[in-house]
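Given next are the chains, with one letter for each unit.
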Amino acid sequence: MRNQARAVILLCLSAMSLSAADLRLVEAAQKQDRAALAAALKAGADVKAAQPDGATALHWAAQWNDLATAEQLVRAGANVNAANADR
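Residues numbered from 1 in each chain as written. Predicted model: local features only at pLDDT ≥ 70, side-chain atom pairs only at ≥ 80, totals over all residues. Heavy atoms only, no water.

**Here's the deal with unusual backbone geometry**
Then step 1. Phi angles above zero are rare outside glycine, and Q32 is one such case at about 60°.
Then step 2. The residue Q32 is located in the loop between helix 2 (24-30) and helix 3 (34-42) in this model.
Then step 3. Of the residues examined, Q32 reaches a relative accessible area of 47% and is grouped as partly exposed.
Then step 4. A positive phi angle is found at N65, which is not glycine, with a value near 55°.
Then step 5. Tracing the backbone shows N65 in the loop between helix 4 (57-63) and helix 5 (67-75).
Then step 6. Judged by its relative accessible area of 70%, N65 is exposed. (Helix = DSSP H or I, 4+ residues; strand = E, 2+ residues; numbered from the N terminus. Buried < 20%, exposed > 50% of the residue type's maximum accessible area, 1.4 Å probe, protein only.)

**A look at the confidence of the model for the chain**
Then step 1. Here the chain averages 86 in pLDDT, while 77% of its residues score no lower than 70.
Then step 2. Every residue in residues 14-19 is under pLDDT 50, and counting partners more than four places away or in other chains gives 0 contacts. (pLDDT = per-residue confidence, 0-100. Contact = heavy atoms within 4.5 Å.)

**Focus: the environment of L73**
Then step 1. Summarising the element assignment, L73 is placed in helix 5.
Then step 2. In this structure, the C-alpha to C-alpha distance between L73 and A38, residues 35 residues apart in sequence, is 9.8 Å.
Then step 3. Each residue touching L73, except ones within four places of it in the same chain, is listed here: L25, V47, A57, L58, A61 and A78.

**Some remarks on the nonpolar core**
Then step 1. Counting 18 residues, the largest nonpolar core has L25 and L73 as the members making the most contacts within it.
Then step 2. For this core, the secondary-structure elements that each account for two or more residues are helix 2, helix 3, helix 4 and helix 5. (Core = buried A, V, L, I, M, F, W, Y, C linked by side-chain atoms within 4.5 Å.)

**Quick notes on the side chain of T69**
Then step 1. The residue T69 is located in helix 5 in this model.
Then step 2. What T69 contacts, discounting residues up to four positions off in sequence, is R34, L37 and A61.

**Details of the pattern of salt bridges**
Then step 1. One pass over the structure, following the stated rule, counts 2 salt bridges.
Then step 2. The shortest N-O distance in the salt bridge between D66 and R34 comes to 2.6 Å. Pair noted here: D66 is in the loop between helix 4 and helix 5 and R34 is in helix 3, with a separation of 32 residues, a long-range link. (Salt bridge = Lys/Arg side-chain N within 4 Å of Asp/Glu carboxyl O.)

And the structure:
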């Protein structure tokens, strides 16, 4: 019984860590922080990650009319067809 409880706890913790999205890139784009964005890309942050409303780093680059960042994200593999709550 004790081993089963441990297994369930480990499974829950694993599921929680997998569901937590890496939003470093999205948050950097939202804040218009190009240095943080470049660092996140270099560190391998998920360029397709999205906030709960579906907003991606590319959405934020478009929101800020930041063509250079948008191009950088597209070159890195951003999903140009991703929809968010506003679309």
